[in-house]
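# A closer look at the structure
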Amino acid sequence: MIRYGELSTKGKNRWQFINKLRRNVQEALSIYPQITTYFDRDRGHVYLNGADYQAVAESLKKVFGIQNFAPSYKIDKSVPALKEAVQLIMKNIYQDGMTFKIAARRSDHSFELDSRDLNQTLGDAVFDVIPTVRVQMKKPDIALRVEIRTDAAYISHEEIRGAGGLPVGTAGKGMLMLSGGIDSPVAGYLALKRGVDIEAVHFASPPYTSPGSLKKAQDLTRKLTAFGGNITFIEVPFTEIQEEIKNKTPEAYLMTLTRRFMMRITDRIREVRNALIIINGESLGQVASQTLESMQAINAVTHTPVIRPVVTMDKLEIIDIAEKIDTFEISIQPFEDCCTIFAPDRPKTNPKIKNVEQYEARLDVEGLVERAVAGIMLTTITPKEEVLDQVDSLIEDLL
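Residues numbered from 1 in each chain as written. Predicted model: local features only at pLDDT ≥ 70, side-chain atom pairs only at ≥ 80, totals over all residues. Heavy atoms only, no water.

### Looking at the domain arrangement of the protein
- Per the domain assignment, the segments of the protein are domain 1 (2-71), domain 2 (74-157) and domain 3 (173-397).
- A C-alpha centroid distance of 53 Å is found between domain 2 and domain 3. (Domains from an automatic or database assignment.)

See the structure below:
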């Protein structure tokens, strides 16, 4: 049984959020064909039909929009059936010295007992089979939740915290500027948590960047699919632009000019792909291109909102999240992206927009952007490919 949490504040838009959450849950659990789902105004139901509960629970933990969920027993909606079920459950999980409480909730007001009477009746039933058990209202060892709903009664004694946030796709689409580093996947994860549907834009500069660098970015994208479903991965050819910048502009401004081109191209793709915002992994002051002066100079090429979810975090905070979402080990693989390969020894930390525009006048800015956008390659990254990768890895280990 799934509880929605933050969706309860959505008023007239509530069903829009619930329906999106339902689709996201169905997609996350699509690898279990026997599972069925039913969602109503304040609860979601996932019927296992023989599927492995532990595996399903691990998938549900990553779906944004879920406050918590509980493995539940579906019981006939009658007092004798409820008493028998409560007694059986308690006998199975009770150990000497444990405390308990009954927390009943009646959403079907036609049921013969109200919540208070249910608590009393079912509590008495527990004492009938375990006379020495003690009641404790605050933080008991066993909390039996009993919900009387229209279709049936449900009993649970375990509650698992969900990912929280909003269902992915309810806040519109954003373009994630995804490098191979630690920060941008975390930024993507945090955007997904607030309901943003993301597409990943990755800049590749072969032969300076290797196929391993591209695969690394795709593997990072695949990790994010666990939280938001399939993600479109957009590879941008960036070699020509970086060579032009390196050959025709001062080295100190190389990074600023590079990032301005990346921003222009991402914005052009955003427009074509009907997205609303640009998302990146910039953290204030972490590197030369992430000072306020640099951000101002880079942002000057677009009027599109640029969202920086990790902007106020230090590196250790970002790493903590990267480890939690399982992207850290991929991010530290020794494949350099196009930014690190062309990084100058002494980049400008306070670039002046007037100087930047003067250097850009040496370049065919519009032509370079148009050719890069014309050469993009789109790939759909799915969670299922990761399963295949794991199977291949296991086979290699066995051989």
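### As for the UniProt feature "domain: THUMP" (unreviewed entry) in the protein
- UniProt's entry tags residues 54-159 with the feature "domain: THUMP" (unreviewed entry), counted in the numbering of this structure.
- Along residues 54-159 the backbone is 35% helical and 25% strand, and the end-to-end C-alpha distance reaches 13 Å. (UniProt positions renumbered as here; feature names shortened; annotations may be inferred. Helix = DSSP H or I, 4+ residues; strand = E, 2+ residues; numbered from the N terminus.)

### Observations concerning the environment of F261
- Relative to the helices and strands, F261 is located in helix α8 (residues 254-272).
- A C-alpha to C-alpha distance of 48 Å links F261 and M1, two positions 260 residues apart in sequence.
- In contact with F261, other than residues within four places in its own chain, are F238, I241, I245, L363, V365, L368 and V369. (Contact = heavy atoms within 4.5 Å.)

### Remarks on the UniProt feature "binding site: ATP" (unreviewed entry) in the protein
- Under the local residue numbering, the UniProt record ascribes the feature "binding site: ATP" (unreviewed entry) to M177, L178, H202, F203, R259, G281 and Q290.
- On the secondary structure map, F203 appears in strand β12 (residues 197-204).
- For R259, the location among the structural elements is in helix α8.
- Classification of R259 as buried rests on a relative accessible area of 13%. (Buried < 20%, exposed > 50% of the residue type's maximum accessible area, 1.4 Å probe, protein only.)

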